[in-house]
Amino acid sequence: MRNKILLCGAKGRMGSAISAISDQHDCEITAPIDQGDDPSEQIHKCDVVIDFSLADATLPMAEMAVQAAKPMIIGTTGHDRALKQRIIQTLSPIPVVWAGNFSTGVNILFYLTQQVSRVLDSKSDFDPEVLEMHHRLKKDAPSGTADRLLEIIKDSRKANDHDITHGRSGIPGERKIEEIGSHAIRGGDIVGEHTVMYAGIGERIELTHRATDRVIFAAGALRAAKWVAQQKPGLYSMQDVLGLQG
Ligand code: NAD
């Protein structure tokens, strides 16, 4: 079935990327919405709402999606914890996929990191380090994706936030067994690269994802839109869409 999409943030970089490939994914952007538009009429003619806009725009869009009983995809980032909780509560009557990263490859990297971290746990004598690289204009570090990778490793090792070591300088001393290293490289036009490294004695495992184009996020969001239209109410992740749980 061809899905009709209300796209919130349609004039933005992600909105444009989604519009450009919607046809290939058997979707049609029937309601391209941006700042100042009133979606209240058009929402009734769509099957799914996709939001890649601004953190403040997500809650009003979510309220409208719930009223119209339309499933929703949220790619927008930057909500603080309280706002995120409010949005999640509001969305409980409908199916929603919310992901900070819609790339298929990055979600596979999350999954593989979960699997490897289970085997190479704190008793394994392998030292985990996360490296991320982005373009020179990126303002935050580590990236949200690196944060998620660090969280996966931390949880599987039952480690604490203070075990995560961001960079090293001076004389930090020998590496502690519970340490999880985190390193951010910035330069040029690197779209995004993440490596999870497990360094052992005499061997090393590296899991790497390289992003070269934002089309990967657009393709993931459209894949999620087709999937969410078939789901029961609930909050889902991109790993649910890809069948990568467990
Ligand atoms: P952008 O600034 O290029 O586009 C945002 C668009 O939203 C703009 O056109 C803006 O006018 C519009 N907008 C602002 N307020 C609005 C409102 N109230 N109603 C409707 N539209 C409104 O940004 P972008 O690069 O397209 O990214 C958009 C969001 O998606 C950001 O939060 C970004 O971090 C996030 N993002 C997520 C992923 C992912 O995989 N989850 C990937 C890339 C970007």
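Residues numbered from 1 in each chain as written. Predicted model: local features only at pLDDT ≥ 70, side-chain atom pairs only at ≥ 80, totals over all residues. Heavy atoms only, no water.

**Here we look at the packing of aromatic side chains**
Line of reasoning, step 1. All told, the structure shown has two aromatic pairs when counted by the stated rule.
Line of reasoning, step 2. Here Phe52 and Phe102 contribute two aromatic rings whose centre-to-centre distance is 5.8 Å and whose plane-to-plane angle is 55°, an arrangement assigned as tilted. Within this pair, whereas Phe52 is found in the loop between β3 (48–51) and α2 (55–68), its partner Phe102 is found in the loop between β5 (95–98) and α4 (104–119), the two being separated by 50 residues in sequence.
Line of reasoning, step 3. Measuring from ring centre to ring centre gives 5.0 Å for Trp227 and Tyr236, while their planes differ by 85°; the resulting arrangement is edge-to-face.
Line of reasoning, step 4. Between the NZ or CZ atom of Lys84 and the centre of the ring of Trp98, over which it lies, the distance is 4.9 Å. (Phe/Tyr/Trp six-rings, centres within 6.5 Å; stacked < 30°, edge-to-face > 60°. Helix = DSSP H or I, 4+ residues; strand = E, 2+ residues; numbered from the N terminus. Lys NZ or Arg CZ within 6 Å of the ring centre and 35° of its normal.)

**Some remarks on the site of the ligand**
Line of reasoning, step 1. Among the 21 residues in the neighbourhood of the ligand, the closest are listed as Arg13, Met14, Asp34, Thr77 and Phe102.
Line of reasoning, step 2. The contact in question runs from a nitrogen atom of the ligand to an N or O atom on the backbone of Ala99, over 3.0 Å.
Line of reasoning, step 3. Surface burial for the ligand is 76%, taken as the share of its 870 Å² of free accessible area covered by protein chains.
Line of reasoning, step 4. By residue class, the composition of the shell around the ligand is eight nonpolar, nine polar and four charged. (Near = heavy atom within 4 Å. Polar contact = N/O pair within 3.5 Å; in protein donor to acceptor, adjacent residues only side chain to side chain. Areas by Shrake-Rupley, 256 points an atom, 1.4 Å probe, with all protein chains shown as cover. Nonpolar A, V, L, I, M, F, W, Y, C, P; charged D, E, K, R; others polar.)

**Topic: the nonpolar core**
Line of reasoning, step 1. Grouped together as the largest cluster of nonpolar side chains are 27 residues, with contacts concentrated most on Ile5, Ile18, Ile50, Ile73, Val97 and Phe102.
Line of reasoning, step 2. For this core, the secondary structure elements donating two or more residues are β1 (3–8), α1 (13–21), β2 (27–33), β3, α6 (215–228) and α7 (238–241).
Line of reasoning, step 3. With six residues, the top contributor of residues to this core is α6.
Line of reasoning, step 4. With residues near it in sequence (within four places) discarded, Ile18 still touches Leu7, Ile29, Ile50, Phe52, Ala218, Ala221 and Leu222.
Line of reasoning, step 5. Residues Ile33, Ile43, Met72 and Val96 belong to the second largest nonpolar core, which totals 20 residues. (Core = buried A, V, L, I, M, F, W, Y, C linked by side-chain atoms within 4.5 Å. Buried < 20%, exposed > 50% of the residue type's maximum accessible area, 1.4 Å probe, protein only. Contact = heavy atoms within 4.5 Å.)

**Quick notes on the sheet that holds β3**
Hydrogen bonds along the backbone pair up the strands of a sheet, which may run parallel or antiparallel.
Line of reasoning, step 1. An order of β2-β1-β3-β4-β5-β11 is seen for the six strands of this open sheet, with the pairing classed as parallel. The open sheet has two free edges, formed respectively by β2 and β11 (234–236), since each of these has just one partner strand. When the angles between neighbouring strand axes are averaged without regard to direction, this sheet yields 25°.
Line of reasoning, step 2. Both β1 and β3 contribute to a ladder of four bridges, which runs parallel. Looking across to β3, one finds that Cys8 is bridged to Asp51.
Line of reasoning, step 3. Running over the sheet, α2 touches β1, β3 and β4 (72–74) and is turned about 165° from β4. (Pairing = 2+ DSSP bridges. Axes fitted to C-alpha atoms, helices over the stretch in contact; angles between N-to-C directions.)

**Quick notes on the side chain of Thr145**
Line of reasoning, step 1. Note on placement: Thr145 falls in helix α5 (residues 144–156).
Line of reasoning, step 2. Judged by its relative accessible area of 11%, Thr145 falls in the buried class.
Line of reasoning, step 3. Polar contacts involving the side chain of Thr145 include one to the side chain of Asn101, which spans 3.1 Å.

**Observations concerning the pattern of salt bridges**
Line of reasoning, step 1. A full pass over the atoms with the stated rule returns 15 salt bridges.
Line of reasoning, step 2. With a closest N to O distance of 2.8 Å, Arg168 and Glu129 form a salt bridge. Within this pair, whereas Arg168 is found in the loop between β7 (164–166) and β8 (180–186), its partner Glu129 is found in strand β6 (residues 127–134), the two being separated by 39 residues in sequence.
Line of reasoning, step 3. By relative accessible area, Arg168 is classed as partly exposed at 37%.
Line of reasoning, step 4. Owing to a relative accessible area of 9%, Glu129 belongs among the buried residues under this scheme. (Salt bridge = Lys/Arg side-chain N within 4 Å of Asp/Glu carboxyl O.)

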